[in-house]
Amino acid sequence: MAFDLKKLQNGSDIRGIALEGIENEHVNLGKDETEVLMKGFVRWLSLNMGVDPWEMRISIGHDPRLSSGVLKDLAAEALMSTGVNVLDCGQASTPAMFMSTVFEGFKCDGAVMITASHLPWNRNGFKFFGKSGGLDKKDIASIIEYAEVYAADNGLPPVVQVRGGSDRVDLMGTYEAYIRNLIIMGVQDPEDPEHPLRNLKIAVDAGNGGGGFFAENILKPLGADVSGSVFLEPDGRFPNHRPNPEDKAAMKAISQAVLDSGSDFGLIFDTDVDRSAAVDGQGREIARNGIVALAAALIAAEHPGTTVVTDSITSDELTEYLTECLGLKHLRFKRGYRNVINKAIELNQSGTDSQLAIETSGHAAYKENFWLDDGAYLAAKIVIKAAQLKRSGASISDMISSLKEPLEATEVRLPVEGHDPGLYADQVLAGLKVWVDYKQKNGQGISLAEPNYEGVRINFRLEGLTGWCLLRRSLHEPLMPLNIEVTEGSCETILEIMAAFLEDYPRIRMN
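All values reported here derive from a predicted model rather than from experimental measurement.

Colleague: Teacher, can you tell me more about the pattern of salt bridges here?
Modeller: Pairing between side chains of opposite charge can happen when their charged atoms approach one another. Summed over all chains, the structure comprises 34 salt bridges. Taking the shortest distance from any N to any O, the salt bridge between R198 and E191 comes out at 3.3 Å. In this structure E191 comes out as exposed when scored by relative accessible area, which is 69%. Taking the shortest distance from any N to any O, the salt bridge between K390 and D264 comes out at 3.1 Å. Within this pair, whereas K390 is found in helix α11 (residues 375-390), its partner D264 is found in the loop between α7 (248-261) and β10 (265-269), the two being separated by 126 residues in sequence. The partly exposed category is assigned to K390, whose relative accessible area is 34%. By sharing partners, the salt bridges in this structure join E411, R413, R472 and E477 into a single network.

Colleague: Would you take a moment to explain helix α14 (residues 491-502) for this structure?
Modeller: The α-helix advances 3.6 residues per turn, and as a result positions three or four apart in sequence lie on the same side. Taking 1.5 Å of rise per residue, the twelve residues of α14 would be expected to cover 16 Å, and the 16 Å separating its terminal C-alpha atoms lies within 8% of that figure. If you check which residues of α14 are buried, you get C491, I494, L495, I497, M498, F501 and L502. The arc enclosing the buried residues of α14, seen along the axis, measures out at 160°, which places them on a common side. For α14, the N-terminal cap is S490; the gap from its side-chain oxygen to the backbone nitrogen of E492 is 3.0 Å.

Colleague: Would you mind showing me how to read the nonpolar core here?
Modeller: For soluble globular proteins, the rule of thumb is that nonpolar side chains tend to be buried together. In this structure, I183, L197, F214 and L267 are the most contacted members of the largest nonpolar core, which totals 75 residues. With eleven residues, α11 is the single largest residue contributor to this core. Beyond its immediate sequence surroundings of up to four residues, I183 is in contact with P196, L197, I218, L222, A380, V383 and I384. If you look at the next biggest cluster of nonpolar residues, it comprises 35 residues, including I58, F126, F128 and L135.

Colleague: What am I meant to see in the packing of aromatic side chains here?
Modeller: Here a ring pair, both rings aromatic, is described through the centre-centre distance and the interplanar angle of the planes. The full count for this structure, using the stated rule, is 14 aromatic pairs. Between F126 and F128 the ring centres are 6.2 Å apart and the planes differ by 45°, which places this aromatic pair in the tilted class. With a relative accessible area of 0%, F126 lands in the buried category. Residue classification places F128 among the buried residues on the basis of a relative accessible area of 2%. For the ring pair F214 and F269, a centre distance of 5.3 Å and an interplane angle of 55° mean the geometry is tilted. On the criterion of sequence distance, the pair formed by F214 in helix α6 (residues 213-219) and F269 in strand β10 is long-range, its members being 55 residues apart. Assessed through its relative accessible area of 0%, F269 is described here as buried. Taking the ring centre of Y453 as reference, the NZ or CZ of K343 above it sits at 5.9 Å. The ring of Y366 has K381 sitting right over it, with the charged end atom 5.1 Å from the ring centre.

Colleague: How should I be thinking about the side chain of D136 in this particular structure?
Modeller: Mapped onto the secondary structure, D136 falls in the loop between β7 (133-134) and α4 (137-151). Among the residues examined, D136 registers a relative accessible area of 14% and is labelled buried. A polar atom in the side chain of D136 sits 2.9 Å from the side chain of K138. The contacts of D136, once residues within four sequence positions are left out, are S12, R338 and N342.

Colleague: What is the right way to look at the state of the cysteines in this model?
Modeller: Disulfides are covalent bonds that connect the sulfur atoms of two cysteines. Enumeration according to the criterion identifies zero disulfides in this entry. Left unpaired, C469 is separated from the closest cysteine sulfur, that of C491, by 10.0 Å. Looking at C469, the relative accessible area reads 0%, which means it is buried. Judged by its relative accessible area of 7%, C491 is buried.

Colleague: In this structure, what is going on with the packing of helix α13 (residues 421-441) against α14? I would like to understand it.
Modeller: Axes are the key here: two packed helices are described by the angle between their axes and the distance separating the axes. Viewed as axis vectors pointing N to C, α13 and α14 meet at an angle of 115°, and their least axial separation amounts to 11 Å. In terms of orientation, α13 lies roughly perpendicular with respect to α14. The interaxial crossing formed by α13 with α14 has right-handed handedness. Residues V428, G431, L432 and W435 of α13 lie in contact with α14, whose contacting residues are I497, M498, F501 and L502. Residues of the contact of α13 with α14, tallied by class, amount to seven nonpolar, one polar and no charged.

Colleague: I would appreciate a short explanation of unusual backbone geometry in the present structure.
Modeller: If a residue is not glycine, its phi is most likely negative; likewise, a peptide bond is most likely trans. Note the cis peptide between E450 and P451, where omega equals -5°. Within the fold, P451 resides in the loop between β19 (446-448) and β20 (456-462). Of note, the phi angle at N208 is positive, near 65°, even though the residue is not glycine. Relative to the helices and strands, N208 resides in the loop between β9 (202-205) and α6. Even without glycine at this site, V273 takes up a positive phi of about 65°. Relative to the helices and strands, V273 resides in the loop between β10 and β11 (276-279). Classification of V273 as buried rests on a relative accessible area of 1%.

Colleague: What's the story with the sheet that holds strand β13 (residues 307-310) in this structure? I'm lost.
Modeller: The strands making up a sheet associate through backbone hydrogen bonding, with each pair oriented either parallel or antiparallel. In spatial order, the strands read β14-β13-β15-β16-β17; together these five strands make up an open sheet with mixed pairing. On the outer flanks of this sheet lie β14 (329-332) and β17 (372-373), each paired with one strand and no other. The pairing of β13 with strand β15 (residues 356-358) spans three bridges and is classified as parallel. Counterpart to V308 in the pairing with β15 is L356. The strands that helix α9 (residues 316-325) touches are β13 and β14; relative to β14, the one it contacts most, it runs at about 150°.

Colleague: Any chance you could explain the packing of helix α8 (residues 289-300) against α9 here in plain terms?
Modeller: For the pair α8 and α9, interaxial distance at closest approach is 10 Å and the crossing angle is 10°. As summarised for this structure, α8 and α9 are arranged roughly parallel, according to the angle between their axes. On α9, the residues that touch N289, V292, A293, A296 and A297 of α8 are L318, Y321 and L322. Among the residues making up the contact of α8 with α9, the classes are represented as seven nonpolar, one polar and no charged.

Parameters at a glance
- Residues numbered from 1 in each chain as written.
- Predicted model: local features only at pLDDT ≥ 70, side-chain atom pairs only at ≥ 80, totals over all residues.
- Heavy atoms only, no water.
- Salt bridge = Lys/Arg side-chain N within 4 Å of Asp/Glu carboxyl O.
- Buried < 20%, exposed > 50% of the residue type's maximum accessible area, 1.4 Å probe, protein only.
- Helix = DSSP H or I, 4+ residues; strand = E, 2+ residues; numbered from the N terminus.
- Expected span 1.5 Å × (residues − 1).
- Arc of directions from axis to C-beta.
- Polar contact = N/O pair within 3.5 Å; in protein donor to acceptor, adjacent residues only side chain to side chain.
- Core = buried A, V, L, I, M, F, W, Y, C linked by side-chain atoms within 4.5 Å.
- Contact = heavy atoms within 4.5 Å.
- Phe/Tyr/Trp six-rings, centres within 6.5 Å; stacked < 30°, edge-to-face > 60°.
- Lys NZ or Arg CZ within 6 Å of the ring centre and 35° of its normal.
- Disulfide = S-S within 2.5 Å.
- Axes fitted to C-alpha atoms, helices over the stretch in contact; angles between N-to-C directions.
- Parallel < 35°, antiparallel > 145°, perpendicular 65-115°, else oblique.
- Left-handed = near helix turned anticlockwise from the far one by under 90°.
- Nonpolar A, V, L, I, M, F, W, Y, C, P; charged D, E, K, R; others polar.
- Pairing = 2+ DSSP bridges.

In short, geometric facts, not functional conclusions.
Put into structure tokens, the structure is as follows:
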């Protein structure tokens, strides 16, 4: 087999091109790749659990992508050929797939979710779960290593005593009941406990991804008016907008849906429902720093002083809100949802209480929920609080009314030209630290932000300018993202300062 499986690794996921149809993009995630990757996963599970394949049960689910059905059949065949028994969960959410390792009646040894999140229609991929949660970057690297052995015919799967079988199961029905019960128990409505949302009007935007169930099978049965919802029907072409809470068109659509329908608030999900964001009754976004603030506010009273772990691009205003308004601690860590989750787990293991790990992208994982980044779980907690606040005439936006917003914010993605872009980016960052250190020692109003765990974060305190920027290297593309925020002055001023520094690095192309 002549292919490079390593190119399919995207952090803790597998992602590739599953369909032809876009110029210069050719399929690199097809039958052969799927077969060896599934066998690699079985090998990984077997070694980590000490269980033979023919004693395993692995669930498979998928998002609505056009290629998902074919990949599911290929994956199931590969798993069964090793002796594994497969539970076919049909269209599902990524968090529900992990819960197949938890729910009574399922108790799977592992799970596979077929999804490429918010990527274009021709892409697809795999997310893998064991009983302890989602696999991380090093685990995926091991699966690829085992898969390469099978691809090279240098090793074969264990001798199969009995070929595995396949059963179709209703995982989503069980998961939906779990979320409904969470809301019922959280709201505790004494008048009508089975319909605790009867006084709420909630608009949901699923972006034609897999999140429509939240409106139809969770909110509506609990009494909510969901008539203002849009794009609930799954459609792997994603004809209306990208199912992505970070996408401007997507957030504009849910904001407009709330305003048009007069809903109390709105919820939006990504394709596989491991991310979510919200808008309030005035159509104002609660995303990025806002969704981090809201997710933290939901647990602040229950867990005073807990540490909230976020990614590296959160704002200084968010830190102020978490620490001064909520009385929590804030650890700004690295980009990547597995990075923030693993850091929060590490903190707890070392004796520091951390109840929430969340990225500005909308990946939110609570300790109380298996450290699972679950957009529906976060949405359920928002709904619970909204129902409680409604009784007193308040709303979810009131919870984060003290969160200040930067005057301006922007992200510029700077291409790195030439060979070995990662090494060159590291040289740029090393040079930037020296440059900032010189400015800082000479009292020029520019200083390193510490502690910092990714790239170089710089504070600017100049006449007429107060803000910060973060320059980092992309782990997956030949790029250096530059995030800038200001509370006084202009982002353009910081961009000009950074452009002057980068003149000494000609392989960084300023647009």
